[in-house]
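For reference, the chains in residue letters:
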Amino acid sequence: MADTVRLVEVGPRDGLQNEKQTIEPATKIELIDRLSLCGLSVIEAGAFVSPKWVPQMAASDTVFRGITKRRGVTYPVLVPNMRGFETALGVGVREIAIFTAASETFSRKNTNATIDETFARFAPLIRAATDNHIKVRGYVSCVLGCPFEGEIDAEPVAQVAGRLFDLGCYEISLGDTIGVGTFGGVRRLLSRVTQAVPATHLAGHFHDTYGQALANIHAALDAGLRVFDSSVAGLGGCPYAPGATGNVATEDCVYMLEKSGLTTGVDLDALMQVSRWISQTLHRTPQSRVTRAHAARNAS
């Protein structure tokens, strides 16, 4: 087992995109800048999508221009189409992410397109990214369950992930979008998906709706994955999953991985400070169990 795990911090994008309260660009910029001082090597900086569909991401170009780009840190953004790519290119983005789903119904609801139609959009986008020496990461939503179709079989996940890999995505993030996955389900999923895409090119993206995210990460580690998406303070959620508590908290991932003998390169104390700050800013309690436990211990 390799001893290094890379965490992709998705709080500033996936964590904030469904917030109902308005979050000013200055707050997002400060969040990203604070996170970049914690030892994280990848921080999603926003999404170049239509503000009609994702109002919280409307100022992603302003945010990207405003953040302090630190050496050794990558700041990818999500793009759905060529228009989004051209905007990203114009502000100096060096890595993008594209997204589809393993569920046809979810794809239509989320992107107003079938899975095949999303791939038709991806082809010219990836060619343009390659021509401009920009890396492309792929996201697959609903890899274990869909709010409309129920349980998702591993076969369509493997097919979609394989198509993204063949198109040129250097890494494919497998998303348990509504957080229904379990240790056994992840093992079964990855036994099939790793036949289509090597484990070294896969990442896990687990929401913690049912409290299974850390167990699912453990199952993915056993399958050879060494990259996981996480969100500071457990920010995030899915509008299609009532009661969803968001992405797995970055603090909880760091604690579990480091205590298990793996290396993340993340300063947990510094990260918890950011978690408390953004939670206070949003007038909420951190979803991270580690951050809450640390606060309770210090208060006693």
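Basis of the calculations
Residues numbered from 1 in each chain as written. Predicted model: local features only at pLDDT ≥ 70, side-chain atom pairs only at ≥ 80, totals over all residues. Heavy atoms only, no water. Helix = DSSP H or I, 4+ residues; strand = E, 2+ residues; numbered from the N terminus. Buried < 20%, exposed > 50% of the residue type's maximum accessible area, 1.4 Å probe, protein only. Contact = heavy atoms within 4.5 Å.

**So, the environment of L268**
Residue position: L268 is located in helix α11 (residues 268-281). Judged by relative accessible area, L268 falls into the partly exposed class, the value being 21%. Those residues in contact with L268 that lie beyond four places of it in its chain are E251, V254, Y255 and V290.

**Quick notes on unusual backbone geometry**
At A233, a residue that is not glycine, the phi angle is positive and equals roughly 65°. Checked against the element boundaries, A233 lands in the loop between β11 (227-230) and α10 (250-259). We classify A233 as buried; its relative accessible area is 2%. The phi dihedral of H283 falls on the positive side, at around 60°, and the residue is not glycine. With respect to the secondary-structure elements, H283 resides in the loop between α11 and α12 (289-299). We classify H283 as exposed; its relative accessible area is 69%.

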